[in-house]
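This is what each chain is made of:
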Amino acid sequence: MSSNGKSSTVSGFYKMPVKERIDFVKKFSDLTEKEANVFSSSLDIEIADRMIENVLGTFELPVGVAVNFLINEKDYLVPMATEESSVVAAASNAAKIARIKGGFKTECSDPLMIGQIQVLNLKDVAGAAKEIMNHKDEILKIANAQDKILVDLGGGAKDLEVRILDSPLGKMIVTHLIVDVRDAMGANAVNTMVEALAPVIEDITSGKVRLKILSNLADKRIVKAKAVFDKEKMGGEKIVDAFLESYTLASIDPYRAATHNKGIMNGIDSLIIATGNDFRAIEAGAHAYAARNGQYTSLTTYSKDENGDLVGEIELPIAIGIVGGAGNIHPKAKVCKKILRIKTAQELSEVVASLGLAQNFAAVFALSTVGIQKGHMSLHAKNIAVMAGAKDHEIDKVAEQLIKEGKIKLDRAKEILAEIK
């Protein structure tokens, strides 16, 4: 349990009525009555109209919380916005197993983002690259003049890198501006800086700047999470061995690795969306990072320790913010961040990585034992019951019969519903 005496472990959370779940979260995260009620209302149409163009309305996703998470000795309830069944329950169960051996331990680098400046039409590429580095101090000074508030907070442009690339257009230079963005995702700050630097780089190199934009491969903003999953709770060392056999395919085969990593993103994306962050940016960076060594592979690694327990680790770039963007506009996103009780973007990144590891463990664990379909069966059966026209108490009755028969089909659901009525 955390030092503040609040535990994210709760028995039978999924059995509670929605009102009781909200009350539990309200007490855990010290929500006001207004904040606690935000999940029962839709996004105001006027707010939506300010967020994107050509607004017609809103599209809701279910929001749930994963329980049992212990990360760096602190308890968390993890809000997840997703349409996929079993995801929240699977993450909660994985966190419960990890908790036995101390939960998740994380490491997070400084929040460094990369801004790229592409330079073309160079007569002397090597000479131009050298000149850029000779003007490094001047370039960093101009970049930091674009965002004095960020600099005052301890962030700002910190370094410069120059790469020479071969291309069908001939050799070109790509200059990387390394920016500490503090608690922001960083796109706006970085893009403003590289755009301001474009004419400066052109003067220094006598070349032509074309692209000037942030990179979503944030490989200087890396987060790692690690957990030990208790062998006895998993079902014994034979189950651990079966898990490792399943994982090995993802480590060597990109066809399996793509699905394996999708399971990671089931958890990560759900939290990214819930906090109003850019899940496309996280996806792009994660998948690019998975292929950084020339072959697409797993973002997680698993091994067995001397006790026979399963050790899971994850490493990936996470460009995420707690200030700016939709997360400071969307009422539910603001409450989700309060539920997490986070103080910095780095802390949020650590929760994201832990959730990704938990989600991946849960998926591979299911695949290694009962198969993935069993976990989806209950909610899938209920969805089919609803499609067949079942209402209220009829839904559970139809779903239970479908599961009992092992045939979750719409036509059979209609037959069962007719028999009930």
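Our subject is the structure listed above.
Residues numbered from 1 in each chain as written. Predicted model: local features only at pLDDT ≥ 70, side-chain atom pairs only at ≥ 80, totals over all residues. Heavy atoms only, no water.

Draft legend 1. Here's a closer look at the sheet that holds strand β4 (residues 112-120). Here we have four strands laid out as an open sheet, ordered β5-β6-β4-β7, and antiparallel in their pairing. Across the chains shown, the open sheet's two edge strands, defined by having one partner strand only, are β5 (156-165) and β7 (208-214). Each strand of the sheet is rotated relative to its neighbour by a mean of 20 degrees, with strand direction disregarded. Where β4 meets β7, five bridges bridge the pair, whose relative direction is antiparallel. Bridge pairing in β7 places Q116 opposite I213. Of the strands in this sheet, β5 and β6 (172-180) touch helix α5 (residues 125-134), which is tilted by about 170 degrees from β5. Along the sheet face, helix α6 (residues 136-144) touches β5 and β6 and points at about 125 degrees away from the line of β5. (Pairing = 2+ DSSP bridges. Helix = DSSP H or I, 4+ residues; strand = E, 2+ residues; numbered from the N terminus. Axes fitted to C-alpha atoms, helices over the stretch in contact; angles between N-to-C directions. Contact = heavy atoms within 4.5 Å.)

Draft legend 2. Spotlight on the environment of N93. Following the sequence through the fold, N93 ends up in helix α4 (residues 87-99). N93 sits 26 residues away from V67 along the chain, and the two C-alpha atoms are 8.2 Å apart.

Draft legend 3. Local environment of unusual backbone geometry. A positive phi angle is found at R182, which is not glycine, with a value near 55 degrees. Residue class for R182 comes out partly exposed when judged on its relative accessible area of 26%. Phi at S206 is positive, roughly 60 degrees, even though this residue is not glycine. Along the polypeptide, S206 turns up in the loop between α8 (187-205) and β7. (Buried < 20%, exposed > 50% of the residue type's maximum accessible area, 1.4 Å probe, protein only.)

Draft legend 4. Fine view of α6. Inspection of α6 places I139, L140, A143 and N144 among the buried residues, and these make up the whole buried set. Down the axis of α6, the sector holding all buried residues measures 130 degrees, keeping them to one side. The exposed set on the far side of α6, more than 90 degrees from its buried face, consists of D137 and K141. Against α5, α7 (148-152), β5, β6 and α8 lie the buried residues of α6. (Arc of directions from axis to C-beta.)

Draft legend 5. Region of interest: the pairing of strand β9 (residues 300-304). When β9 meets strand β10 (residues 310-317), the two strands line up antiparallel, connected through five bridges. Paired with T301 across the strands is E313, a residue of β10.

Draft legend 6. How the structure looks around the packing of α5 against α8. Running from amino to carboxyl end, α5 crosses α8 at an angle of 125 degrees, the nearest separation of the two axes being 9 Å. Accordingly, the angle class assigned to the pair α5 and α8 is oblique. Both α5 and α8 take part in a crossing whose hand is right-handed. Of α8, the residues touching α5 (which contributes A128, E131 and I132) are I201, I204 and T205. Taken together, the residues of the contact of α5 with α8 break down into four nonpolar, one polar and one charged. (Parallel < 35°, antiparallel > 145°, perpendicular 65-115°, else oblique. Left-handed = near helix turned anticlockwise from the far one by under 90°. Nonpolar A, V, L, I, M, F, W, Y, C, P; charged D, E, K, R; others polar.)

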